[in-house]
Amino acid sequence: MKMPPYADLLGLIVEKDDAGAPMLMMPFQTDVLGRPGFLHGGAISGLMEMAAIVALHDALEGEGGGEIKPINVTVDFMRGGRDKETRSKGVITRLGTRVANVEATAWQDDPAKPIAAARMNYLIVRS
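Residues numbered from 1 in each chain as written. Predicted model: local features only at pLDDT ≥ 70, side-chain atom pairs only at ≥ 80, totals over all residues. Heavy atoms only, no water.

Participant: What am I meant to see in the sheet that holds strand E6 (residues 116–126) here?
Facilitator: Across a sheet, paired strands are connected by hydrogen bonds in the backbone, their directions being either parallel or antiparallel. With antiparallel pairing, the 6 strands of this open sheet are ordered in space as E1-E2-E4-E5-E6-E3. The open sheet is flanked by strand E1 (13–16) and strand E3 (66–77), the only strands paired with a single partner. Ignoring which end each strand starts from, the neighbouring axes of this sheet average 30° apart. Both E3 and E6 contribute to a ladder of 11 bridges, which runs antiparallel. (Pairing = 2+ DSSP bridges. Helix = DSSP H or I, 4+ residues; strand = E, 2+ residues; numbered from the N terminus. Axes fitted to C-alpha atoms, helices over the stretch in contact; angles between N-to-C directions.)

Participant: What should I look at first to understand the pattern of salt bridges in this one?
Facilitator: Enumeration according to the criterion identifies 6 salt bridges in this entry. Here aspartate 17 ties to lysine 89 by a salt bridge, and the two come within 2.4 Å at their closest N and O atoms. You can see aspartate 17 sitting in the loop between E1 and strand E2 (22–26) and its partner lysine 89 sitting in strand E4 (residues 86–95), a full 72 residues away along the chain. We classify aspartate 17 as buried; its relative accessible area is 16%. Judged by relative accessible area, lysine 89 falls into the partly exposed class, the value being 25%. Connected via shared salt-bridge partners are Glu15, Glu85 and Arg87. (Salt bridge = Lys/Arg side-chain N within 4 Å of Asp/Glu carboxyl O. Buried < 20%, exposed > 50% of the residue type's maximum accessible area, 1.4 Å probe, protein only.)

Here you go:
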């Protein structure tokens, strides 16, 4: 899957988790800096949105493909992201015929201690 240009701006790298599901890693760079020593909230949100998109495209690919369009995005920030690598993974909670619900979390050292979480709904147009 070719990711949107915003993913390139964030420097996102696609990795696989232990189960082989796609996961994104955002290296720390000055372009994602907010206040000194912390990630910008928009960069964290963008990382989670891209993780959701990658997870959704991966799932749709197994069902013949399709196009997606975001309906809404809700982000909860839990703690400040520090100046280190940040990872995110999208988890599809519902993949319907026309709508998908996806959750994503962003973490730095421990996936059990997320720095942010997001819930997103996408409109699906299947191929």
